[in-house]
Amino acid sequence: MSKKLKFHKIYDENYPKVIRLCLGYLSGNEALAQDMAQEVFIKVWQYLEDFRGESNISTWIYRITVNTCLQELRKKKNKKLKIEIASDETSEDTEIENQFASMYRCIDKLSVENKSIILLELEGLPQKEIAEVIGINHSAVRTRIHRIKDQLSKCVKNE
Amino acid sequence: MNDFQNIKNQWQQHKTPAANHNIHKIIEKSQGLKRKQTITKVVLGITVLILISFFVYVSAYKNTRAFWGLGLMIGCLCIRIIIEYASGLKKESFKLHQSMLALNEQLVHYYKARKIIHYLWTPLLFATYIFGFVLLLPIFKEQLSSGFYTYILISAILTFIALATLIGFQVRKELKIIKSLQ
């Protein structure tokens, strides 16, 4: 398979995961998340030849996404991110968006490492893979997830 | 269903912005970035060459004061360019597909090395550069009109102040990055 075809397949299969993760880091700011997702795929294209299949392609993509998002966020650190809520939608949609806004606010209160762990957990990534993406051992991930889940659930409830 | 499971379900069902499927744009942008990096390397190389050629062209090596003055200024600029170039190459070599903590560790080492550049090399080179300029002042005074000499003196002082401020900002920015990584 040519590099372009392989990239096309990776892009189609992974774009929703990448954009959701970027949205999580950017408090739901869609425009910034789309730019960041584009940055992620630029890196994927650049590193594609380095992928040796030692881990799942999704783990590999998540590593690039987490590292790229954090790198971009360090650059944007001084700019306060606005939590976006769509305005031209029905009241039911608005309620869902409001719930998301509070979820983003709660995620934003977490430390960088905890934020990355919980975003990957929300994506449904197995804990073993989360450990590979973050670079800590599996049992530490399990303990941390348990603690962050409680923290996040309480925060969302109180919002 | 517990609270977190609810949150997780909502998260996974969230409508995300659609992919624009513009693969070609991504590939083009990636190639454009690579071109830009090559151009920067060529420009830096040419700058060093021009500075050295200028030194030879004005035959500064024939006059001791001009030799030291211009030599120190050009030498400092060349060393600073080479340091910055090497530092840039080092950062480019960090792979983004390694784990978050492994990359963080590399970045912390990198920015600590940058601290040595900022706190040791930059002030040293900056002071030497100014010293080289001061050495040239008597030659300027002797060979230029008093008006032009004053102009050079004032513009140099303003440039040095602006440069010092710029370096200060850059150092502060990088120190903030180190703090956020720890």
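Residues numbered from 1 in each chain as written. Chains lettered and ligands numbered in written order. Predicted model: local features only at pLDDT ≥ 70, side-chain atom pairs only at ≥ 80, totals over all residues. Heavy atoms only, no water.

Colleague: How do you make sense of the overall build of chain A when you look at a structure like this?
Modeller: A tally of regular secondary structure across chain A gives seven helices and zero strands. Each helix and strand of chain A, placed in order from N terminus to C terminus, yields the pattern α-α-α-α-α-α-α. Counting only residues that meet the buried cut, chain A has 52% of its 159 residues in that class. Taking the contacts inside chain A whose residues are at least 6 apart along the sequence as the reference set, 64% of them involve residues at least 24 apart. Counting every atom, chain A has about 7,800 Å² of accessible surface; 47% of that belongs to carbon and sulfur. (Helix = DSSP H or I, 4+ residues; strand = E, 2+ residues; numbered from the N terminus. Buried < 20%, exposed > 50% of the residue type's maximum accessible area, 1.4 Å probe, protein only. Contact = heavy atoms within 4.5 Å. Areas by Shrake-Rupley, 256 points an atom, 1.4 Å probe, with all protein chains shown as cover.)

Colleague: I would appreciate a short explanation of the UniProt feature "transmembrane region" (unreviewed entry) in chain B in the present structure.
Modeller: Residue and element names in this part refer to chain B. The positions UniProt marks with the feature "transmembrane region" (unreviewed entry) are residues 39-60, 66-83, 119-140 and 146-169. Helix makes up 100% of residues 66-83 and strand makes up 0%, while its end C-alpha atoms are separated by 25 Å. Between the end C-alpha atoms of residues 146-169 there is a gap of 35 Å, over a span that is 100% helix and 0% strand. (UniProt positions renumbered as here; feature names shortened; annotations may be inferred.)

Colleague: Is there a simple way to think about the UniProt feature "domain: RNA polymerase sigma factor 70 region 4 type" (unreviewed entry) in chain A in this case?
Modeller: Look at the UniProt record and you will see "domain: RNA polymerase sigma factor 70 region 4 type" (unreviewed entry) annotated at residues 103-152 of chain A. In residues 103-152 of chain A, helix accounts for 80% and strand for 0%; the two terminal C-alpha atoms are 8 Å from one another.

Colleague: Sorry, what's going on with a nonpolar patch on the surface here?
Modeller: Together, Ile116(B), Leu120(B), Trp121(B) and Leu124(B) line one region of the surface with nonpolar side chains, adding up to about 390 Å² of accessible area. Relative to the elements of secondary structure, Ile116(B) occurs in helix 4 (residues 100-143). (Patch = residues over 30% accessible without salt bridge, like charges linked within 9 Å, V, L, I, M, F, W, Y side chains within 5 Å. Salt bridge = Lys/Arg side-chain N within 4 Å of Asp/Glu carboxyl O.)

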